[in-house]
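Analysis of the macromolecular model
One-letter residues, chain by chain:
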Amino acid sequence: MDQQLERKCLNLAENYRILSAGNKLEFTEMILACAGIYLAAGREPDMDRIQECKKLLKSKAGIFSNFRGSDELLVRCKMALSADPELYFENLEREYKRLKTFFSGEQTVLAAMILAEQGAAAEGLAEKTKQIYKEMKEAHPWLTSENDLPFAALMAASGRDAVSVYGEAEEIYTLLKGNLKAERDTLQMLSHILAIRGGRADAKSEKLCALADGLREAGHSLGRGSRLAILGILADSGLPTDTLVERICETDDFLKQYKPFHGLFGVGKECRRMFAVQMLHSALSEEDSLGASALMAASVELAIITMILMMIIVSSTAASSSSSH
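Residues numbered from 1 in each chain as written. Predicted model: local features only at pLDDT ≥ 70, side-chain atom pairs only at ≥ 80, totals over all residues. Heavy atoms only, no water.

1. Focus on the overall build of the protein
Within the protein, the secondary structure is distributed over 14 helices and zero strands. Ordered by position from the N terminus, the helices and strands of the protein form the series α-α-α-α-α-α-α-α-α-α-α-α-α-α. When each of the 325 residues of the protein is scored for burial, the buried share is 53%. Long-range pairs, those at least 24 residues apart, make up 71% of the contacts in the protein between residues at least 6 apart in sequence. (Helix = DSSP H or I, 4+ residues; strand = E, 2+ residues; numbered from the N terminus. Buried < 20%, exposed > 50% of the residue type's maximum accessible area, 1.4 Å probe, protein only. Contact = heavy atoms within 4.5 Å.)

Shown next as structure tokens:
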């Protein structure tokens, strides 16, 4: 196994160990997402600083605030990683208020997070996000929900005009619909991810389908649901599909050795494979000679994997709540 890729996996496992020890009541998936955030930042979690940010967050947001919901640990970790946690929260809250509607929840917080991290360039992006989301809703009224808002934010932050980037997403949705075995909301999610990646729409769509088929044939399928969407971050890779499939498979097998990727209380195999894709993409991004390009790739990768995990957490919570009544 490639040494750089192995190091990424070991760092993820160590970050997870540190975070899980200090956050025993958190969802495993959210701890993993936060472990990935520290991995991308090249830093080890500092539990004392995260605890300080917890106190700061409690002083800024009430218990019923969406900043204190299922993604509270994510907010705290983002604050802890920033140079000025209080300023970070103020910027996050500002963008959240610009996006907020009556039905806003955790996914609006994630969308606000994407915009807040654009710094001074965030001005005007909330309106652009809402414009793109409106286009999504008009094209796919039954598929589009708050879950798509962070993708609209990513499109808005891509630097392309709203009409162009969403037009490409629709073209990709049509290309995927007849060629990829996936749920319809996953197809829509993938169309949004591929639209913000480089390259031609047809080439990205073709590579994505080839990756999904290759992993299924190799016995390392990501299924047909939302977890499959993570493959979108590799659709513009210059590596051959066979090479990507081989590396994802060996990374998947390597991760099985570490918590929480095995055992009765570990995450499922499809979730583990999501992180295998993330580790490979992270290693490839590090090889990118353009630092800004690598940083943007890591930011997009983490936003996507966190969005998918939040959808899983929220749906699991809802299912658990309904079964208890």
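Read on, since the account is not over.
2. Topic: the packing of helix H5 (residues 85–99) against helix H6 (residues 106–116)
One can describe the packing of H5 onto H6 by two numbers: an axis separation of 8 Å at closest approach and a directional angle of 120°. Relative to H6, the element H5 lies oblique. The hand of the H5/H6 crossing is right-handed. Between H5 and H6, the contacting residues are Tyr88, Asn91, Leu92, Glu95, Tyr96 and Leu99 on the first element and Thr108, Val109, Ala111, Ala112, Met113, Leu115 and Ala116 on the second. (Axes fitted to C-alpha atoms, helices over the stretch in contact; angles between N-to-C directions. Parallel < 35°, antiparallel > 145°, perpendicular 65-115°, else oblique. Left-handed = near helix turned anticlockwise from the far one by under 90°.)

3. Description of the packing of aromatic side chains
Inspection of every chain in the model, using the stated rule, returns four aromatic pairs. Measuring from ring centre to ring centre gives 6.0 Å for Phe261 and Phe275, while their planes differ by 55°; the resulting arrangement is tilted. Residue Phe261 is found in the loop between helix H12 (241–255) and helix H13 (269–286), and its partner Phe275 is found in helix H13; the two are separated by 14 residues along the sequence. Counting every residue linked through ring pairs, the aromatic cluster contains Phe67, Phe89 and Tyr96. (Phe/Tyr/Trp six-rings, centres within 6.5 Å; stacked < 30°, edge-to-face > 60°.)

4. Some points on a negative patch on the surface
Residues Glu44, Asp46, Asp48 and Glu52 make up a contiguous surface patch of negative charge. By the element assignment, Glu44 lies in the loop between helix H2 (28–41) and helix H3 (47–60). Look at Glu44 and you get exposed, because its relative accessible area is 52%. (Patch = residues over 30% accessible without salt bridge, like charges linked within 9 Å, V, L, I, M, F, W, Y side chains within 5 Å. Areas by Shrake-Rupley, 256 points an atom, 1.4 Å probe, with all protein chains shown as cover. Salt bridge = Lys/Arg side-chain N within 4 Å of Asp/Glu carboxyl O. Lys, Arg positive; Asp, Glu negative; His and termini not counted. Charge placed at Lys NZ, Arg CZ, Asp CG, Glu CD.)

5. Comments concerning unusual backbone geometry
Keep in mind that most residues, glycine aside, have a negative phi and that most peptide bonds are trans. Backbone torsion omega between Lys259 and Pro260 reads 5°, so that peptide bond is classified as cis. As for its placement among the helices and strands, Pro260 is situated in the loop between H12 and H13.

6. Section: H3
Its 14 residues place the ends of H3 20 Å apart at the C-alpha level, agreeing with the 20 Å of an ideal helix rising 1.5 Å per residue. When H3 is considered as a whole, its buried residues turn out to be Met47, Ile50, Cys53 and Leu57. Each buried residue of H3 sits inside an arc of 110° when the element is viewed along its axis, so together they form one side. In H3, the exposed positions that point more than 90 degrees away from the buried face belong to Asp48, Glu52, Lys55 and Ser59. Buried residues belonging to H3 abut helix H1 (3–22), H2, helix H4 (72–81) and H5. Sitting at the amino-terminal end of H3 is Asp46, which places a side-chain oxygen 3.1 Å from the backbone nitrogen of Asp48. (Expected span 1.5 Å × (residues − 1). Arc of directions from axis to C-beta. Polar contact = N/O pair within 3.5 Å; in protein donor to acceptor, adjacent residues only side chain to side chain.)

7. Quick notes on H2
Between its first and last C-alpha, H2 extends 20 Å over 14 residues, near the 20 Å set by a 1.5 Å rise per residue. Regarding H2, the residues found buried are Glu29, Met30, Ile31, Leu32, Ala33, Cys34, Ala35, Gly36, Ile37, Tyr38 and Leu39. Directly after H2, the chain includes Gly42, whose backbone phi takes a positive value near 70°.

8. Remarks on the nonpolar core
Formed by 106 residues in total, the largest nonpolar core has its most connected members in Leu231 and Phe275. Excluding residues that lie within four positions of it along the chain, Leu231 makes contacts with Leu208, Leu211, Ala212, Leu215, Leu222, Ile248 and Val277. (Core = buried A, V, L, I, M, F, W, Y, C linked by side-chain atoms within 4.5 Å.)

9. Side note on the side chain of Lys207
Looking at the secondary structure, you find Lys207 in helix H11 (residues 201–217). Look at Lys207: it is buried, it has no salt bridge, and the nearest opposite charge is Asp236 at 8.2 Å. With sequence-adjacent residues up to four places away left out, Lys207 is seen in contact with Ala235, Ser237, Gly238, Leu239, Pro240, Thr241 and Leu244.

10. Some remarks on the packing of H1 against H12
One can describe the packing of H1 onto H12 by two numbers: an axis separation of 11 Å at closest approach and a directional angle of 40°. The way H1 lies across H12 gives a crossing that is right-handed. Here Leu5, Glu6, Cys9 and Leu10 of H1 come into contact with H12, specifically with Arg247, Glu250, Thr251, Phe254 and Leu255.

11. Structural notes on the pattern of salt bridges
For the structure on display, the rule yields 18 salt bridges. With its nearest N and O atoms 2.8 Å apart, the salt bridge here joins Arg216 to Asp213. With Arg216 and Asp213 both in helix H11 and three residues apart, this pair spans about one turn of that helix. By relative accessible area, Arg216 is classed as partly exposed at 37%. The partly exposed category is assigned to Asp213, whose relative accessible area is 27%. Where salt bridges share partners, they join Glu26, Arg68, Glu72 and Arg76 into one cluster.

12. Observations regarding the environment of Leu176
Turning to its location among the elements, Leu176 is positioned in helix H9 (residues 162–177). Taking the C-alpha atoms as reference, Leu176 lies 9.1 Å from Gln188; in sequence the two are 12 residues apart. Discounting residues that sit within four places of it in the chain, Leu176 has contacts with Leu187, Leu190, Ser191, Leu194, Ser205, Leu208 and Cys209.

Read these as geometric descriptors, not functional statements.
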